[in-house]
Amino acid sequence: MGLEMEAAVPTAAAAAAGEQEVEIYPLSRYYFGAKDAAAAPRGVEAAADRALRLKANFAAHGLRTSVHGVLLVELFDHPHVLLLQVRNSSFVLPGGRLRPGEEDVQGLKRKLSSKLSIVDDGEANAEDEDDWQVGECIGMWWRSEFEAIPFPYMPPNFRTPKECIKLFLIRLPMSRQFIVPRNMKLLAVPLSQIHNNAQVYGPVISGIPNLLSKFSLNVISD
């Protein structure tokens, strides 16, 4: 993972290596507000409740697909990931479950608008959703059983996966406003803190630094 302090034009080294460049802007360029409290994300519910819900969902619709956005900002000359904190302890990426038949990018834009914009889930219009620049899918995890931890691959003993979790890189503009439900906090967490720290952040979030190693991160400081 390269940290380039020069803006705009990809470096010769990055181009030669075939790396994609991602521009990351300072946290100070973004503005934060609050809106009415939202329902707690599914990832922080009790394990037994989650298992029952997943079983009912699988019986009705088959494989569950969740999409989440990786949003990067600069702080102290280091890339940080924006995470939602719930109940002062649990961390989740912005995003959520797709509706039956919904496309990945469309669903992620809807979820990002409901979690990080003034609108609520189901109220976002085309203009709200088009405001998000969704990049490539950088990682996928699979859950073999309803209570199992997700794997970043399909193990050979998997019969019928119950859940697929997809991460997409979100390319943020130079500045924007984030509106977060009052019962959540939007925190900028350094890559160095979440790297290989599954005990605190879980296997999906703690694996993000490895996924970003394929990119040339162009940190633009004020």
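This text follows the structure it describes.
Bear in mind that the values here come from a model prediction, so they are computed numbers and not experimental data.

Quick notes on the rules
- Residues numbered from 1 in each chain as written.
- Predicted model: local features only at pLDDT ≥ 70, side-chain atom pairs only at ≥ 80, totals over all residues.
- Heavy atoms only, no water.
- Helix = DSSP H or I, 4+ residues; strand = E, 2+ residues; numbered from the N terminus.
- Buried < 20%, exposed > 50% of the residue type's maximum accessible area, 1.4 Å probe, protein only.
- Phe/Tyr/Trp six-rings, centres within 6.5 Å; stacked < 30°, edge-to-face > 60°.
- Salt bridge = Lys/Arg side-chain N within 4 Å of Asp/Glu carboxyl O.
- Contact = heavy atoms within 4.5 Å.
- Polar contact = N/O pair within 3.5 Å; in protein donor to acceptor, adjacent residues only side chain to side chain.
- Expected span 1.5 Å × (residues − 1).

### A word on the overall build of the protein chain
Part 1: A tally of helices and strands in the protein chain yields 7 helices and 12 strands.
Part 2: Within the protein chain, buried positions represent 49% of all 222 residues.

### What about the packing of aromatic side chains?
Part 1: Going through the model one piece at a time under the given rule, you end up with 4 aromatic pairs.
Part 2: Measuring from ring centre to ring centre gives 5.8 Å for tyrosine 30 and phenylalanine 178, while their planes differ by 45°; the resulting arrangement is tilted. Pair noted here: tyrosine 30 is in the loop between strand E2 (20–24) and strand E3 (31–35) and phenylalanine 178 is in strand E10 (residues 177–181), with a separation of 148 residues, a long-range link.
Part 3: Linked through ring pairs, Tyr30, Phe32 and Phe178 together constitute an aromatic cluster.

### A few points about the pattern of salt bridges
Part 1: Tallying each qualifying case throughout the model produces 7 salt bridges.
Part 2: The partner of arginine 143 in a salt bridge is glutamate 163, and the shortest N-O contact between them spans 2.7 Å. With arginine 143 in strand E8 (residues 134–143) and glutamate 163 in strand E9 (residues 163–170), this residue pair connects regions lying 20 residues apart in the sequence. Glutamate 163 shares its class with arginine 143; the two are buried.
Part 3: Salt bridges linked by common partners bring Arg64, Arg143 and Glu163 together as one network.

### Notes on the environment of proline 152
Part 1: Within the secondary structure, proline 152 is located in the loop between E8 and E9.
Part 2: A sequence separation of 10 residues divides proline 152 from tryptophan 142, and the C-alpha atoms of the two residues are 6.4 Å apart.
Part 3: Residues contacting proline 152, with those up to four places away along its chain left out, are Met140 and Trp141.

### Some thoughts on the environment of phenylalanine 146
Part 1: Relative to the helices and strands, phenylalanine 146 is located in the loop between E8 and E9.
Part 2: Between the alpha carbons of phenylalanine 146 and leucine 52 there is a distance of 8.3 Å; along the sequence they are 94 residues apart.
Part 3: Excluding residues within four positions of it along the chain, phenylalanine 146 makes contact with Arg50, Ala51, Leu54, Lys55, Phe58 and Lys162.

### What about the side chain of glutamate 163?
Part 1: By relative accessible area, glutamate 163 is classed as buried at 2%.
Part 2: Only 2.8 Å separates the side chain of glutamate 163 from the side chain of arginine 64, close enough to count as a polar contact.
Part 3: The residues contacting glutamate 163, other than those within four sequence positions of it, are Arg50, Leu54, Leu63, Arg64, Ser66, Trp141, Trp142 and Arg143.

### As for helix H3 (residues 104–116)
Part 1: Across its 13 residues, H3 extends 18 Å between first and last C-alpha, which sits within 8% of the 18 Å expected from 1.5 Å per residue.
Part 2: For H3, the buried fraction is high: 10 of the 13 residues fall into the buried class.
Part 3: Those residues of H3 not exposed but buried are Gly107, Leu108, Lys109, Arg110, Lys111, Leu112, Ser113, Ser114, Lys115 and Leu116.

### Section: the side chain of serine 206
Part 1: Along the chain, serine 206 turns up in helix H6 (residues 198–206).
Part 2: Looking at serine 206, its side chain comes within polar contact range of the main-chain oxygen of glycine 202, at 2.7 Å.
Part 3: Within the structure, serine 206 has its side chain in polar contact with the backbone oxygen of proline 203 (distance 3.4 Å).

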